[in-house]
Structures are given as C-alpha cells and as structure tokens.
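# Architecture at a glance
Here is what each chain is made of, one letter per residue.
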Amino acid sequence: METPVTAALRTESLSMHFGELAAVNGVSLSLARGARHALIGPNGAGKTTLINLLTGVLEPTAGEVYLGGESITPLPQHRRVKRGIARTYQINTLFANLTVLESVMLAILERKGFGARWWRAVKDYREEHGEAMALLSTLKLAGDANTRTAELPYGHQRLVEIALALATRPSILLLDEPAAGIPAAESVEVLGVIAALPADVTILFIEHDMDLVFRFAERITVLVAGRVLVEGAPDEIARDPGVKAVYLGKESLA
Amino acid sequence: MKPGLPAVQIAFWLLPIAAFFLLPGYLVLGSQILIVSLFAMSLDLLLGYAGIVSLGHAAFFGLGAYTAGLLAAHGWGEPLTGLLGAAAIAAIFGFVVSFLVVRGEDLARLMVTLGVGLLLFEAANRAAFITGGVDGLSGVTMWKVLGVFPFDLAGKTGFLYSYAVLLLIFLVLRRVVDSPFGLSLVGIRENRKRMDAIGAPVNRRLVAVFTLGATVAGVAGALLAQTTQFVGLDTLGFERSADLLIMVVVGGTGRLYGAIVGTLVFMVAQDYLSGINPVYWQFWLGLLLILIVFFARGGVLGALEALWKRR
Amino acid sequence: MGQAIGVLFDGIAYGSLLFLVSLGLSVTMGLMNFVNLAHGAFAMAGGFTCVLAMTRLGIPFLATLPLAFVVTAAIGAVLERFLYRRLYNAGELDQVLFSIGLTFMSIATATYFFGSSQQPMHLPAFLRGQFHFLGGDFGVYRAFLIGTVIVLTAVLGFLLTHTRFGAQVRASVDDSTAARGLGINVDRVFSVAFALGSGLAGLGGGLGIEVLGLDSTFPLTYMVYFLLVVVVGGVGTIKGPIAAALLLGVLDVAGKYYVPQIGAFVIYAAMIVLLMLFPAGLFGKRR
C-alpha cells in the first residue's frame, strides 16, 4: 500500500537533450495527489517538452518518471493514458471532420476498452452517449454536440480539447496553456471547471496568464532554460527575487 | 444524408437484380463490376476510413485470384471453399505486410505499398511454372456453386454468385464502419496524435484494418478467378492498383457506397471509351483525375451530398 | 574479374543516369513535401525533345541536350506556377492523384504524337563503340554519361554551397517557415528549383535514350526507380540519391547479369528492407 507521502506523479532528474541542447535538464518535480500545480516560465523554458516527457510522447535522455511508486519511463503514450495520465495540447489537436459528440464518444469508448468492437453501431452505446452529453454540458458545449469540430469557433474548439482529456477520466491531468485563445471572462470559468474536478485528480497546468495562475494554483514550479528555478506556494513565488528577475519587464506578478 | 434512407438503399441493391433480368447480354461485364466494387470497398476501408494511401492493393487481389485459380486448376473446384482459401492466404499476407506499412512515415509507407505490389508482380511473373506467367493461368474448372448451380457461359451463375458475396460482405463491412472500431479508424485518419493521446493502440488498429482490407481484396480476386476461369498477371499489376484508387476517389472516399458508385462509373466509361480509342481514354482519365483533385474532391457522392445540402 | 568490372561500370553508368533524373525529384520533394509521381514525364519530355530536334531539325545530338534542358525546365515552370503550387498544402492522396493524372495525360499525349514504339536513337560516331582501358573494354557512351553526370553534379554542388540561391534552397529545405522568417522568398525558390529539377530530368531523359530507351510509357516504367532512389536515398538531400542511385544501378545490372531469373525482384525487396531499416532514407533527416 502506498504511504500518503508517495507523490501521484514524480520525476527524478529528468533530462531531454536534442543534440547539444538540453531542453529539459535534470528536472525533479513532484506532484501530490489532488494537486493544483502550475508550471510557469519564459518561452522556450522547456515546459511543453516536460509535458511531452510526462505523457510519453518523448523518451528522456536521462532520468525517470514515476506514477505512484512505479516507474513508467519505458511506457509509450497510449499505455500511460490507460494508467490515467491525460493531456491537452497548446495547439488544438482535434478530429476536424468528426462532430464534437463523435469525438468525445471516441474517447469514452476507448477508455472503456470498446475501441476494437466492430459489431455494434456507435449510436447504440446509450450509456456512453449519456456520459458524453453530460461532459459536454459541464463545459457548456452541449449545443455544439452535432457540429463538425472544424466549424466551431476557436474558443469552443479549445473546450473540446479539454473535453477529450476529461473524457478519459484521468487521475492526472496535464494542461498545456488551456486558456490560450479563450476570452478572459470565459477562461476563468473554464479553469473553474477544471479546478472543481474531484479532489483526487492531480492537475498540472502550464499558463502564461498570471491572473489565472495565482487564482487557481496551490503550488507553482518555475522552469527556466530547462531547469527548475524555484518551487513553492504562490505567495512565496511572488516574493522570490529570482523569479522577479526572470519576469522583469515582461509581466507583473499577482 | 441521401443514401442513408433505407428505401434508397434497398432500391440500390435491387438494381443489379433488375439488370439481371433486363440486360442479359451484359452479365459478364456486370459480374466484373460487382467484383471490382468489392475490391474497391476493401480499398476504401484503408483509404477512406483509415487514411492509408496504398499503391499496391492489387497484390492481395492477385493473391486471392491465384490461390483460388490454382486450387481449381489442381483439382479442387469447389467455389465457396475456394473463396475461403483465398481469403486465408490474403489475410496472412496482409497481416505480415501490415507491420511494414504501419511503421513508416507517409512517404515510406507509400513506397512500401508500391514495392510490395511490384514485388509480387515480379514474383508471379518469374514463377511462370506455377502461375502461367504472361500467358496466365488457365484450366480453372469450377464445380457447381452450392452443388446446384453450374457456371454457365452466359454468366448468369457468375453474376448472382458475385452479387451474393458482394452484398454479404457489404453488410458486414457496414457494421464495421458504424462500430467503435470504425470510428477509431476515422479518428486515426483525422488526427493520429490525438488518438495516441486518448489511449488508443493505433498500430494495432491499423494492422487490423489492413488485414481486413487485404482479406476482402483476396475474396474479390478469387471471385474473378472463379467467374472468368482465368487468372492473368494484370490482377497484380500497378495499373490495377492505380485504377482502383481512381475508382474509389471518383465515387467518393469514406463511404462504402462511394466505392461501388465509382467502380460503376469508371468501368462503364472504360468499357465504352477504351473500346473506341485507348489513348483517348487514358488522356481523359488523367484529365478527370486532375479536375477531381481541384474541383470535386468528394467524388460523385460528395458532389451529390453538397447539392442535397444546398436545396 | 574483367566481367565484374564491366558490370560495375555499366551499373555506375546506369546509376548516374538515374541520379541525374532523380536529383530534381529529391529537391522538390524535400522542398515542397510534394509526392510527384509524374517526374518521369519530364524526363520523357526531354527525351522526345531530343528526338524531335534530331529528326525534324537535324540538330546534332549533343546540341539537343541543352535544348532538352531548357524546354523541360520551361514546361516545369509553367506547370508549377499554375498547378503544382496549388497543391503544396494538399494531402498526400491529392498529390498522388494529381501526379498520376498528369502522368496518364503525358503518356497519352506522347502515344498520340509518337506512337508507342521505342524511339530510334542514332549516336554520333565519336560516342559509339568501346575503348580499351587497363585491359578492359568499356562503352564510350557510358563513359561519356558518367563524365557528364560528374561534371554536372560538381557544378550543382558548387551552386548549392557557394551561391546565395543555393543557400536559400538549403535553408528552405531545412525549414521553410524559418526561411520565410529570414526574408527568403520561398515561393520563388520553389519555382526556380522546380524548373531546374524538371530541366535536369529532361536532360537525363535525353541522355538516357541510348541506355534506358524511350517510349511513351517511360514515365510509368521508370516511376518506381526515380521514387525509389529519392525515398531510399533520403528526400531533400543530394548525397542520398547519389548513394541510392549507384546502389540501385549496380544491383540492377548485376542482378540481370548474374541472376536473370530473379530480375527486378531483388530491387523491390532491397527497397522494402532498406526502407524498414532507414525509414527516412539512407541520408535522410528524421522530420
């Protein structure tokens, strides 16, 4: 049995080298179960690369990733998804020609292991249909259910991106700039939906909008040039001189 | 959607029956159209649903044809088991090749499918002592279908036999494309990255659909061998793979009916125009392709759908 | 041993020719990510230009070669400007269909004007026959071929590494978005490169009449070989197609000489194996 101290998701000296360049350099990060953890840093700091390493899109050049107490470093992406790690992409990665409902159904059916079933029509999966509509309702997308994803306005597409991640019922949710492209008023709502997820879901999100970060994060990690600069509670980060130096002239904090 | 209406679909499937009675002189061409429709549907599975562009799909068609042909030429002329044998061989071969196809990036994948087709063609060409080489495989004598219906010269048995197999397999394939598996194929086509991100074992699905496509193609090839009682090298040729690609696109990819419509249009046009002047046929076909790419990407059914939406 | 040298020599000649024609394809596929199955049609156009020039205009063979280059480059420039350009961002299927369509049209046109039989070829006297070298007999024309290709490759290599245009091409192949960001007119680079590549193919077609033959089905017959050379060698590189073309040339000639029963089988099998081992090509970049 796990002790309460075991992190939900943990990395140990994780590194990703592209030739000479170390995009991620010896990052040791620990996410407690139920965390609302933000990852911030200047452009090119390696935040997206870190998420790619956590989800298995990239194989690290050094270091380990642990889920619970178990090393998942050798696992490919789709296996990690099955273990409960889901992500959203910074740039919408959607099924352009499928409707919103079809897209979400696809994710739900995969989660339940029905993805390979070939004898029953998708429209006959009533329970999953209900679940899909419920999920869309929480994201205010119910009205778009039968619209082709390509025809949606950008903000709604962003929400579909989040819906797809949520449809896998993740225990760990990694969000790459979830509010990018969503008008300010709605982005608070969206992050609110995310923060309101069950307490045992662990959330790590990358954001540039400091308002959102300080509103929803309980812990913040600052990544600069592939290394962790500092990590701590929001007010600690706001006061940290190193962080201020990095952000000087860019945005004001809190 | 227009073809979705059950009445329209039933009418569609009654057309061949009508043709059987009204156009007795065209039954041989008719069987060919039915058989190639089946072949085209198998390619649509790969192309229209999973998004795999294959320039060598005829490899499986030819394999099925030669398997069924050789079985019959060497004494076992029972049609249905011949179909099963062809299906099995095509399935095994498709399964093996699928691993090659699944691995590469787009371009390498295209070349591999092309290479496999050409490879098999060369092999069949060289192994003339088995396949009859350039002269083709003759001596394919078939027994009666279900022990009752002999293959006649007018092509009546061949026509109904092909029709029955086509309809049966169509019904199965339609189930497949409407199922979660079918939806996952479209998902893979639309955005492979996203499929990985929702936990789908993409390679496994591609192997499955490729094997399925190969199997159906093999059955179609076997039908051709059995109804014409001859197997030529052209069943494996690049021309056949390319023509098939064109048929599926002309009809409209990603909807099984498109494959059938496209085959019908193509083969009727070819029968008519190629007879007049093969050079003209090739020229206009090339031009048609270019026009389709620029103006009518959804093919015949796509254009009909667009018109339907606009009314 | 003498035979092996002869086979090697013929193989290298054949490979050089394939390389010359395929070079243009490698650049356009690398630059524009465009699957162009119609590349062989440009080679054919060059070949027919030479034939026409020789038979109708009485121009000597060697003089028809630059003509073939210019005519084919012009055709390429026009097609690129009005057709190819519109499909750069289209899917793979669209590009395949388009280029197959173009191929069919070119074959039909060639058949209509020239018939479907092999075009007769009469080399000037000084290019015929064989010469002795270190105890072996080598074909004069094949030696001429190899020499020409070496010179052309050197010139092109120089162009690529020592001229501004060459630098622009290399930048655009590497990363067209970044190149645009640097102020490089990538569209113009594409057009010129496409025209050049087509011209080279035409030149290769003319040079190749003696070795590869020329008939109206040339584009389909040799389509695989050009694609193979580029994809196995590595799209967008020059080293790649050189290696692949020489390998293919030697394998093909050796295969037909030593094991004629197997023939082209070996080539296709080798291609599949090589693609499995090197999915991005022998010298290709992993994109």
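Residues numbered from 1 in each chain as written. Chains lettered and ligands numbered in written order. Predicted model: local features only at pLDDT ≥ 70, side-chain atom pairs only at ≥ 80, totals over all residues.

## Observations regarding the overall build of chain C
In terms of helices and strands, chain C carries 12 helices and two strands. Of the regular secondary structure in chain C, the N- to C-terminal order runs α-α-α-α-β-β-α-α-α-α-α-α-α-α. The C-alpha radius of gyration of chain C comes to 19 Å, within 12% of the 19 Å expected for a compact globule of 287 residues. On the principal axes, the C-alpha backbone points of chain C span a range of 55 × 45 × 35 Å. The 287 residues of chain C split such that 50% are buried. Taking the contacts inside chain C whose residues are at least 6 apart along the sequence as the reference set, 77% of them involve residues at least 24 apart. (Helix = DSSP H or I, 4+ residues; strand = E, 2+ residues; numbered from the N terminus. Rg over C-alpha atoms; globule rule 2.2 N^0.38 Å. Buried ≥ 20, exposed ≤ 12 C-beta atoms within 10 Å, placed from the backbone. Contact = placed C-beta atoms within 7 Å.)

## So, helix H11 (residues 238-251) of chain B
Residue and element names in this part refer to chain B. Across its 14 residues, H11 extends 20 Å between first and last C-alpha, which sits within 8% of the 20 Å expected from 1.5 Å per residue. Extensive coverage of H11 is indicated by the burial of 12 of its 14 residues. Among all positions of H11, only Arg240, Ser241, Ala242, Asp243, Leu244, Leu245, Ile246, Met247, Val248, Val249, Val250 and Gly251 are buried. (Expected span 1.5 Å × (residues − 1).)

## A closer look at the domain arrangement of chain A
All names here are of chain A. Once the domains are mapped, chain A shows domain 1 (6-84 + 170-254) and domain 2 (89-169). For domain 1 and domain 2, the distance between their C-alpha centroids amounts to 25 Å. Taken together, the contact pairs 14 residues of domain 1 with 12 residues of domain 2. Counting only elements with at least two residues in the side of domain 1 that touches domain 2, the list comes to strand S8 (172-176) and helix H6 (184-195). At three residues, H6 tops the list of elements feeding residues into the side of domain 1 that touches domain 2. Considering only residue class, the side of domain 1 that touches domain 2 consists of nine nonpolar, two polar and three charged. (Domains from an automatic or database assignment. Nonpolar A, V, L, I, M, F, W, Y, C, P; charged D, E, K, R; others polar.)

## Some words on the interface of chain B and chain A
Facing the 20 residues of chain B at the interface are 28 residues of chain A. Sort the elements by how many residues they give to the side of chain B that touches chain A and helix H8 (residues 180-190) of chain B lands first, with seven residues. Looking at the side of chain B that touches chain A residue by residue, the class counts come to nine nonpolar, five polar and six charged.

## A word on the interface of chain B and chain C
Contact residues are listed per partner, giving 30 residues for chain B and 34 residues for chain C. Breaking the side of chain B that touches chain C down by element, the ones donating at least two residues are helix H4 (79-103), helix H5 (106-126), H11 and helix H13 (278-295) of chain B. By residue number, the principal contributor to the side of chain B that touches chain C is H5 of chain B, which donates 14 residues. Here the side of chain B that touches chain C is composed, by residue class, of 21 nonpolar, four polar and five charged.

## As for the arrangement of the chains
Most contacts, when the two pairs of chains in contact are compared, are made between chains B and C. When C-alpha atoms are compared, chain A and chain C, though not in contact, are closest at a spacing of 13 Å.

## Brief notes about the sheet that holds S8 of chain A
Residues and elements named next belong to chain A. Read from one edge to the other, the open sheet built from six strands follows the order S7-S8-S9-S4-S10-S11, with strand pairing classed as mixed. With one partner strand each, in any of the chains shown, strand S7 (85-88) and strand S11 (227-232) form the two edges of the open sheet. Averaged over all adjacent pairs, the angle separating strand axes in this sheet is 15°, with direction ignored. (Pairing = 2+ DSSP bridges. Axes fitted to C-alpha atoms, helices over the stretch in contact; angles between N-to-C directions.)

## Quick word on the confidence of the model for chain C
All names here are of chain C. Per-residue pLDDT for chain C has a mean of 86; in total, 98% of the residues score no lower than 70. Of all the helices and strands in chain C, strand S2 (residues 136-139) carries the lowest mean pLDDT, 77, while helix H3 (residues 61-82) carries the highest, 93. Of the two predicted TM-score estimates for the complex, the pTM is 0.89 and the ipTM is 0.87. (pLDDT = per-residue confidence, 0-100.)

## Examining the environment of Gly218 of chain B
Residues and elements named next belong to chain B. In this fold, Gly218 is placed in helix H10 (residues 202-228). Classification of Gly218 as buried rests on a count of 33 C-beta atoms within 10 Å. Beyond its immediate sequence surroundings of up to four residues, Gly218 is in contact with Phe60, Leu63, Gly64, Ala86, Ala87, Ile89, Ala90 and Ala91.

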